[in-house]
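Chains, contacts and geometry: an overview
As a plain string of letters, each chain reads:
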Amino acid sequence: MFQKRSPGKEDYPGLLDISAAGHLEAGESPKDGVREIEEELGLKLDFSELTTIGVLHVEAPLAGGRFDREHCHVYVKQLDPVERDNIRFDAEEVEGVEWISLQQCVDLFIDGNATSGRFVPHPHEYYEKVVEALVKLS
């Protein structure tokens, strides 16, 4: 599931991005980041329900000449039908969601280059590592 960023977002408005991403506050651990899922998608999940796929290093340009350098703790969860039906996104953050099959992700991010156009321009290696990890988990 990718979420379409709200048109009011400063960085990459209207582009598809990974779901429920956010920044930790000083003193927080990755476990505290689970709040982003509830804030952006309306789903209250426990951290223990998530599977880690690692820490990915990301560097990307932002609006206004800024540059983003992050260590992204990436987790995944397969949503059950009830959870999928209960997604309620925050319109200030998310315009909508788009479901893309794992095979489509392989086609886009491993075999092709989907990092331009519709998706937030994370480095291709970022998308590639996430998709490869998802393939291993499936």
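Now for a look at the structure at hand. (Residues numbered from 1 in each chain as written. Predicted model: local features only at pLDDT ≥ 70, side-chain atom pairs only at ≥ 80, totals over all residues. Heavy atoms only, no water.)

**Structural notes on the pattern of salt bridges**
For the record, the criterion: The rule for a salt bridge is simple: a side-chain nitrogen of Lys or Arg has to be within 4 Å of a carboxyl oxygen of Asp or Glu. Only protein chains enter the accessibility calculation, which uses a 1.4 Å probe. A residue is then buried if its area is under 20% of the maximum for its type, exposed if over 50%, and partly exposed in between.
Inspection of every chain in the model, using the stated rule, returns 13 salt bridges. The salt bridge partner of K77 is E83, with a shortest N-O separation of 3.0 Å. Relative accessible area serves as the criterion here: at 12%, E83 is assigned to the buried category.

**Here we look at the environment of Q78**
The criterion, for reference: Secondary structure counts use DSSP, requiring at least four H or I residues in a row for a helix and at least two E residues in a row for a strand, with both numbered from the N terminus.
With respect to the helices, strands and loops of the structure, Q78 is situated in the loop between β4 (67-76) and α2 (81-85). Remark: the alpha-carbon pair of Q78 and D111, spanning 33 residues in sequence, is separated by 23 Å.

**Description of the packing of aromatic side chains**
Inclusion rule: Within 6.5 Å between ring centres, the rings of Phe, Tyr and Trp (the latter by its six-membered ring) count as paired, and their orientation is classed by plane angle as stacked under 30 degrees, edge-to-face over 60, tilted in between.
Evaluated as defined, the whole model comprises seven aromatic pairs. Ring plane angle 35 degrees and centroid distance 6.0 Å describe the contact between F2 and F109, whose orientation is recorded as tilted. Placement of F2 in strand β1 (residues 2-5) and of F109 in helix α3 (residues 102-110) is noted, with a sequence separation of 107 residues between them. You can call F2 buried: its relative accessible area is 7%. Residues F109 and Y127 carry aromatic rings whose centres are separated by 4.5 Å and whose planes lie at 15 degrees to one another, so their mutual orientation is stacked. Pair noted here: F109 is in helix α3 and Y127 is in helix α4 (residues 124-137), with a separation of 18 residues, a long-range link. Members of the aromatic cluster, each reached through a chain of ring pairs, are F2, F109, F119, Y126 and Y127.

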